[in-house]
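Coordinate inspection notes
Now for the letters of each chain:
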Amino acid sequence: MPEATDTREKQIFGEALELKGPQREALLDAACGADAALRTRILRLLAAAETQDGFLRQSVANGDVPRPAGEGPGSRIGPYRLVEQIGEGGFGVVYLAEQEHPVRRRVAFKVIKLGMDTRSVIARFEQERQALALMDHPGIARVLDAGATTSGRPFFVMDLVKGEPITAYADRRGLTIPERLELFREVCGAVQHAHMKGIIHRDLKPSNILVSEQDGRSHARVIDFGIAKATSQRLTDSTVHTGFHQLIGTPAYMSPEQATGSLDIDTRADVYSLGVVLYELLTGATPHDEDTLRFASVAEMQRILREVDPPTPSSRISRAAASLHDLARKRGLHDARLGSALRGDLDWIAMRALEKDRARRYDSPGSLSADLARFLGGRPVEAAPPGALYRLRKTVARHRGAFIAAALVLATLLLGIAGTTAGLIEARSARFDAENEARESDRSARSAESVNTLMTTMVQRAGRAREQGRADITVREVMDAAAAELLAGKGGHEPEVEYALARAITNTYQQLSLYEPAETMARLAVDRAESVFGTRSLEAAESRQRLGNVLKSRAQEQAAGEQYALARDIFTAAGPEAGLHVARLKLETAALLAEDQRLDDAERELRESIAWFEGHSATDDDMYLKALNNLAVVLTLKNEHARAGPILTRLLDLQVERFGEDDPETIETLHGLAVVQATTGDPAAEATFRRVVALARRLHGDDHASVANLVNSLGTLLIRKDDLPGAEAAYRESVEISRRVLGPDHQETAERLYSLGAVLIDLGRFEEAEALLREASAAFHGPAAEAAPGVAGRPDALMTGYCLGLLLHRRSALEEAEPILRQALARAEAAHGDGARYEWIRWALGSVLGAVLTERGASETLAKEDRQAHLREAEGLITAAAERLPALGSKMGARQRRKMIPASFDRAVRLYTVWNQLDPSPLRAGALADWTRRRDDAASPAPAPPP
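Residues numbered from 1 in each chain as written. Predicted model: local features only at pLDDT ≥ 70, side-chain atom pairs only at ≥ 80, totals over all residues. Heavy atoms only, no water.

For the rest of this paragraph, the subject is the overall build of the chain. Across its full length, the chain carries 43 helices and 11 strands. Looking at the chain as a whole, 53% of its 947 residues qualify as buried. For the chain, restricting intrachain contacts to residue pairs at least 6 apart in sequence, the fraction spanning at least 24 positions comes to 64%. About 40800 Å² of surface is accessible on the chain, with carbon and sulfur atoms providing 51% of the total. (Helix = DSSP H or I, 4+ residues; strand = E, 2+ residues; numbered from the N terminus. Buried < 20%, exposed > 50% of the residue type's maximum accessible area, 1.4 Å probe, protein only. Contact = heavy atoms within 4.5 Å. Areas by Shrake-Rupley, 256 points an atom, 1.4 Å probe, with all protein chains shown as cover.)

Turning our attention to the pattern of salt bridges. Within the structure shown, the criterion is met by 61 salt bridges. The residue Arg568 makes a salt bridge to Glu605 at a minimum N-O spacing of 2.8 Å. Highlighted residues: Arg568 in helix α25 (residues 557-574) and Glu605 in helix α27 (residues 599-615), separated in sequence by 37 residues. Note on Arg568: relative accessible area 16%, which makes it buried. One salt bridge connects Arg698 with Glu661, and the closest N-O pair in it is separated by 3.5 Å. (Salt bridge = Lys/Arg side-chain N within 4 Å of Asp/Glu carboxyl O.)

The next subject is the sheet that holds strand β10 (residues 217-222). With respect to topology, three strands assemble into an open sheet ordered β7-β9-β10, the strand pairing being antiparallel. Two strands lie at the open edges of the sheet, namely β7 (164-165) and β10, each paired on one side alone. Examined bridge by bridge, strand β9 (residues 209-214) and β10 share six bridges and lie antiparallel to one another. Note on β10: the bridge partner recorded for Gln214 is Arg217. (Pairing = 2+ DSSP bridges.)

Judged by how many residues are buried, strand β3 (residues 92-99) sits mostly within the fold: eight of eight residues are covered. What you see with β3 is no split at all: Gly92, Val94, Leu96 and Glu98 on one side and Val93, Tyr95, Ala97 and Gln99 on the other are buried throughout. Two strands pair when backbone bridges link them, and strand β2 (residues 80-88) and β3 are joined in this way by seven bridges, in the antiparallel orientation. By the bridge assignment, Gln85 is partnered in β3 with Tyr95. Two strands pair when backbone bridges link them, and β3 and strand β4 (residues 105-112) are joined in this way by eight bridges, in the antiparallel orientation. The residue bridging Val93 from the neighbouring strand is Val111, located in β4.

So, about α25. Spacing of three or four residues puts side chains on the same side of an α-helix, whose turn is 3.6 residues. End to end, α25 covers 26 Å across 18 residues, agreeing with the expected 26 Å (1.5 Å per residue, within 8%). Downstream of α25 by one or two residues, Gly575 has phi in the positive range, about 95°. (Expected span 1.5 Å × (residues − 1).)

So, on to the environment of Leu718. Locating Leu718 in the fold gives a position in helix α32 (residues 705-720). In this structure the C-alpha to C-alpha distance between Leu718 and Ala685, which are 33 residues apart in sequence, comes to 10.0 Å. Sequence-distant contacts of Leu718, that is, excluding residues within four places in its chain, are made with Glu686, Arg690, Asp723, Gly726 and Ala727.

All chains considered together, the criterion is met by three cavities of 30 Å³ or more. Approximately 40 Å³ is the volume attributed to the second largest cavity. In terms of lining, the second largest cavity is formed by Ala373, Leu376, Gly377, Arg379, Ala705, Leu742, His746 and Glu748. A breakdown of the residues in the lining of the second largest cavity according to their chemical character gives four nonpolar, two polar and two charged. (1 Å grid on protein atoms, 1.4 Å probe; cavity = no way out; pocket = protein on both sides within 12 Å on 5 of 7 lines; lining within 4 Å. Points joined across faces, edges and corners; volume = space filled by probe spheres on them. Nonpolar A, V, L, I, M, F, W, Y, C, P; charged D, E, K, R; others polar.)

A word on unusual backbone geometry. At Arg202, a position not held by glycine, the phi torsion is positive, near 75°. Within the secondary structure layout, Arg202 lies in the loop between β8 (199-200) and β9. Unlike most non-glycine residues, Asp722 shows phi in positive territory, near 60°. By the secondary structure assignment, Asp722 is in the loop between α32 and α33 (724-741). Owing to a relative accessible area of 40%, Asp722 belongs among the partly exposed residues under this scheme.

In this sheet, β9 lies alongside β7 in antiparallel orientation, the contact comprising two bridges. Pairing of Glu164 across the sheet is with Val211, part of β9. Connecting β9 to the antiparallel partner β10 that follows it, the hairpin turn spans two residues, and Asp215 within it adopts a positive phi of roughly 55°.

Attention now goes to the packing of α25 against helix α26 (residues 579-595). The relative placement of two packed helices is expressed as an angle between their axes plus a distance between the axes. Packing of α25 against α26 brings their axes to within 10 Å, and their N-to-C directions diverge by 150°. In terms of orientation, α25 lies roughly antiparallel with respect to α26. Seen from above, α25 lies across α26 with left-handed handedness. For the pair formed by α25 and α26, the contact residues are Glu557, Gly561, Tyr564, Ala567, Arg568, Phe571 and Thr572 on the first element and His581, Val582, Leu585, Lys586, Glu588, Thr589, Leu592 and Glu595 on the second. Its residues assigned to classes, the contact of α25 with α26 comprises six nonpolar, four polar and five charged. (Axes fitted to C-alpha atoms, helices over the stretch in contact; angles between N-to-C directions. Parallel < 35°, antiparallel > 145°, perpendicular 65-115°, else oblique. Left-handed = near helix turned anticlockwise from the far one by under 90°.)

Moving on: the packing of α33 against helix α34 (residues 747-762). Where α33 contacts α34, the axes come no closer than 9 Å and their chain directions differ by 155°. Taken together, α33 and α34 sit at an angle that is classed as roughly antiparallel. Regarding α33 and α34, the two cross each other, and that crossing is left-handed. For the pair formed by α33 and α34, the contact residues are Leu724, Ala727, Glu728, Tyr731, Arg732, Ser734, Val735, Ser738 and Arg739 on the first element and Thr749, Arg752, Leu753, Ser755, Leu756, Val759, Leu760 and Asp762 on the second.

All chains considered together, the criterion is met by six aromatic pairs. Centre to centre, the rings of Trp612 and Phe613 are 5.5 Å apart; their planes meet at 85°, and the pair counts as edge-to-face. The class of Phe613 is buried, set by a relative accessible area of 0%. Where Phe905 meets Trp931, the ring centres are 5.8 Å apart and the plane angle is 40°; that geometry is what we call tilted. Separated by 26 residues along the polypeptide, Phe905 in helix α42 (residues 894-918) and Trp931 in helix α43 (residues 922-939) bring together distant segments of the chain. One exposure class covers both Phe905 and Trp931, and it is buried. Among the aromatic residues, ring-to-ring pairing joins Trp612, Phe613 and Tyr624 into one connected group. (Phe/Tyr/Trp six-rings, centres within 6.5 Å; stacked < 30°, edge-to-face > 60°.)

Okay, the side chain of Gln868 next. For Gln868, the location among the structural elements is in helix α40 (residues 864-883). Its relative accessible area of 18% is what places Gln868 among the buried residues. Once you skip the residues sitting within four places of it in the chain, Gln868 turns out to touch Trp915, Leu918 and Asp919.

All right, on to the side chain of Lys356 then. Here Lys356 is to be found in the loop between α14 (345-353) and α15 (365-376). Of the side chains with opposite charge, Asp309 comes closest to the buried, unpaired Lys356, at an N-O distance of 4.6 Å. (Lys, Arg positive; Asp, Glu negative; His and termini not counted.)

Before going further, it helps to examine the environment of Arg698. Here Arg698 is to be found in helix α31 (residues 685-700). Residue classification places Arg698 among the exposed residues on the basis of a relative accessible area of 54%. C-alpha separation for the pair Arg698 and Asp662, spaced 36 residues apart in sequence, amounts to 7.5 Å. Ignoring anything within four residues of it in the chain, the contact list for Arg698 reads Glu661 and Asp662.

Shown next as structure tokens:
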């Protein structure tokens, strides 16, 4: 093979050898310019290298590849014997090798392949070696050794990662969507670790994410950091330059900024690539067609990645008619349910990761993983479009279990009632449209024909655009053009036809979640309906209801309520034939009333809606079930749990009859009933909770986040019943499931560690409790928490600091306890949340911090001035805390009152005992006597204040 004669020529040759087709041509155009001789020499080098490379591959197949001595299968390099070639990248060859000493094991041995030992490639190879050496994570292959072969080629030895690409593994095993997401979250954790070490992968794709099984569990590992980029440190003494317009990565998985050849690449490029992998796990395809990108010119490929919006995952699934059955089967779903499983949250999450503007993407893999955890846990995701109604819907679906904490119930379920019905009218829109069309059948013929004409025109417009080279024309562009023509009156349609067209375009915009243009068209539909059919017509009412739906989607609740009121007035005047529409609007109105905390009015609307369904034998209607659910929520918000119980029981019976016991919605309702029973002191609560747990295990298996949540709720109930051993067993199981499913650093794992640690304190097992609390504290304040701002200021994180400080105070580790308590108290003071609960936490932290400062003030090793300063601060904390007890007592449970009120008074007694010994005075002696009396009174068997 000819040899490159100078450094520049070698560099261009090495970079060009890594590229193919149009990308290589673009590089040569930029690097060689008008130097035809240079270009010719490089083309000869490339031809020779590729001829040799083809010969080598054929020789490998024949078993007789010519290589320098000691660098082929069967040969030894140091303690390693190369067994067989198992992989080949852009510049490296990977062998299965056997290490013979000091330990015997199989490893992966990577070495620069023949014809690739240019300076730039060697530098890039060395970069990979150093990048891997920096990282220590179970999801990233470890570097075990490094060196050079006898011919001077660099090599490194790493863990032998056996497995298959993540997408192939997920399909072969038929992983459900939640299982795929949990596996993908492992990958996010590994990439987050790399980013924390200052390393960007830049070529994340399924073939670089291998999954294997061990002990019955799947484990994902990221490999091939061969084109990683150091973000915070220099990896090697050699500088790796990325040539002008040289593209590093795989087009289908490459971020838009990476595709431009920009040197300004940061960790969000990997977030984009992770988004592509997530999209592929969900839909079986990449956002942009791989072949289109692979064979496009560099300029066209860059344009697609920069400008063309891919379809959402649910839209992609809806287009895959030929393969829909296979896609659904591999995800454990029926064909019809796959699209709905992706629609909404998963669409939003995937598309946020794929944002072309990196400022709008997730800022880290940890943030992406945290949003997926929120989805899996049934909580609102951050990727959702802004607006309260979405959050309300998510909360009702998940937080019946939060009724145990009354303040949390108020915060979450108030959101829930409005959102639960947010999708109901949309779910019935087909029936609503059908009824209207049946009623106006004679008049709608021309409208239907016009809608068909509109659709035909849009298809033709798209066809013309493609003929003109616009292969990427989107539905949005076609709809915008049709809407503009309609608004401008260019079609020459009659108002009746314009009404039908405006309604059809509104529906399409809503399906695309384009609510601003949908509002414009919905208002046009209202105008045309009123001009053609009259302001009191059912068509006008339907149009106002549809406009209300759009306004609600835009978080304009007051305006939506006004439209609903107008529509409802018309429907009511229309008489019995519009009764179903009135019942629907009562549900919508109740949602808005509940959001405005007008709970009595919301209850009235819901009861009237329920009465209509029952009076018209329509109790098999899904809307009736939702009305029952929302009524139970409203009653719970009003703290009327005894009235909510029978409603939930009725709902549960209907769901069991219709869907069976194992249906997720049935289990959610049963959970809500269990919580209501626990709140009212019903002895049946424990049995109901255990039934819920058993059903969830049967539905999801033992290792599932929802099972951990339910077991944790059972533990909370057992705490209320003073069954500490039972609570310990439940909390311990919840912790173990969370560790396996969510990981040891996850916020929910930390919360459950705190609960278990607190129970062990009550059981007197202080050393074990302290270890668990330290583990919880590390998770609450560790790297994973940094990806979810505010975690360290949440109640369980603050209470972890309280309990840990309490234990350290108990064993006189005062200097360690003080900063922990001070930090937790500062976070509690700064927190914005449930006022009553945070007030209680601030009291608890201040009281224990005061006790720690008291003991420091009692230390005779300190100067008197320092002792006095400690006691003075302790006096302020302890007396303020004790004086707030009467207001807080009603917010405590009976167990808390029995333990903590006497303890608080006892701390005041201890404070004034030390203070009076250090600096005696009648004032302090009087305070000591007063607090002693209060402590003794609190310890007497007088009846406790009402809960």
